[in-house]
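Read off the chains here:
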Amino acid sequence: MADLVSVNYTKYDGTLHWNLRMRRLGEDDHGIWLGLPGGTVTRKGYGPMVPLECAHVILLPREAWWTAIFNAPPRDTEIYCDIATPPRWVSSHEVTMVDLDLDVIRKRDGRTLLDDEDEFAEHQVRYGYPADVIAEAEAASRWLMDAVGGRAEPFGDACERWLGMVDGERP
């Protein structure tokens, strides 16, 4: 039986955001890797299940203010990084973090984008983000823009091994 982990992103007010169950693949110098084959589902809050057409893996780094999703082809988004509080392990089978709105995205054509700056600004007011949280989120987004755009590891080839463990599997 696969070692499943509940991955729960919340918003700053504690509201459940994206959530899914993923298979624990392993750990390396970059953090803990979880994965799912194409054809599985995720969910936003308590809404309907959202099908995921392509295999993907998520990297949960140690003590960093981001998480990274690596998608198998043909998905046009190659890497999707959520700026978030450092992952907190509730138990060996559940991890949670607060999504802080900003996203760093690398498209398969090589473009790297910073997304949702407007939502980040709006939520600073709505949720009352403390100054240190704002500073950490902004620093993480700057670092990721350079690292993801420059293909520094783990944004180079590090994900290939882990994607290979789930790509082609069926749920």
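Throughout, a residue's number is its position along its own chain's written sequence, starting from 1. Note on the predicted model: pLDDT of at least 70 is required for a residue's local features to be given, and 80 or more for side-chain atom pairs to be given and counted; whole-chain, interface and lining totals, by contrast, use all residues. Side-chain numbers here rest on the full set of heavy atoms in the structure, without hydrogens or water.

### Structural notes on the side chain of Asp82
Stage number 1. Helix and strand labels come from DSSP, where a helix needs a run of H or I of at least four residues and a strand needs a run of E of at least two; each type is numbered from the N terminus. Tracing the backbone shows Asp82 in strand β8 (residues 77-84).
Stage number 2. For the buried residue Asp82, which engages in no salt bridge, the nearest side chain bearing the opposite charge is Lys11, 7.4 Å off.
Stage number 3. Two residues form a contact once any of their heavy atoms are found within 4.5 Å. If sequence neighbours within four positions are ignored, Asp82 has contacts with Tyr9, Trp65, Trp66, Thr67, Ile69, Asp99, Leu102 and Asp103. The classification of residues rests on relative accessible area computed with a 1.4 Å probe and restricted to protein chains. Under 20% of the type maximum is buried, over 50% is exposed, and intermediate values are partly exposed. For this count, His and the chain ends are skipped, Lys and Arg are scored as positive, and Asp and Glu as negative. Any Lys or Arg side-chain nitrogen found within 4 Å of a carboxyl oxygen on Asp or Glu counts as a salt bridge.

### As for the nonpolar core
Stage number 1. By size, the foremost hydrophobic cluster in this structure holds 33 residues, and its most contacted members are Trp33, Val57, Phe70, Cys81, Leu100, Leu144 and Phe155.
Stage number 2. Elements represented by at least two residues in this core include exactly β6 (56-60), β7 (66-71), β8, β10 (94-107), α2 (131-149) and α3 (158-166).
Stage number 3. Tallying contributions element by element places α2 first for this core, with seven residues.
Stage number 4. Grouped together as the second largest cluster of nonpolar side chains are 13 residues, Val5, Val7, Leu36 and Leu60 included. What makes a nonpolar core is a set of buried Ala, Val, Leu, Ile, Met, Phe, Trp, Tyr and Cys residues whose side-chain atoms join them at distances within 4.5 Å.

### Things to note about the packing of aromatic side chains
Stage number 1. Geometry of aromatic contacts follows a simple scheme: Phe, Tyr and Trp rings, the Trp one being its six-membered ring, pair when their centres are within 6.5 Å, and the pair is stacked under 30 degrees between planes, edge-to-face over 60, tilted otherwise. By the definition in use, this model includes nine aromatic pairs.
Stage number 2. Geometrically, the ring pair formed by Trp66 and Trp143 is stacked, given 5.9 Å between the ring centres and 20° between the ring planes. Placement of the pair is Trp66 in strand β7 and Trp143 in helix α2, with a sequence separation of 77 residues.
Stage number 3. Trp143 sits in the partly exposed class, given a relative accessible area of 43%.
Stage number 4. Aromatic pair Trp66 and Phe155: ring centres 5.4 Å apart, planes at 50°, arrangement tilted. Taken together, the residues span a long stretch of sequence, with Trp66 in strand β7 and Phe155 in the loop between α2 and α3 at a distance of 89 residues.
Stage number 5. Note on Trp66: relative accessible area 8%, which makes it buried.
Stage number 6. Residue classification places Phe155 among the buried positions, given a relative accessible area of 0%.
Stage number 7. Put simply, the rings of Trp33, Trp66, Phe70, Trp143, Phe155 and Trp162 touch in pairs and so form one group of aromatic residues.
Stage number 8. A ring has a charge above it when a Lys NZ or an Arg CZ is no more than 6 Å from the ring centre and no more than 35 degrees off the ring normal. In this structure, Arg126 packs its charged tip against the face of Tyr127, placed 5.8 Å from the ring centre.
Stage number 9. Over the aromatic face of Trp162 sits the side chain of Arg161, whose NZ or CZ is 4.0 Å from the ring centroid.

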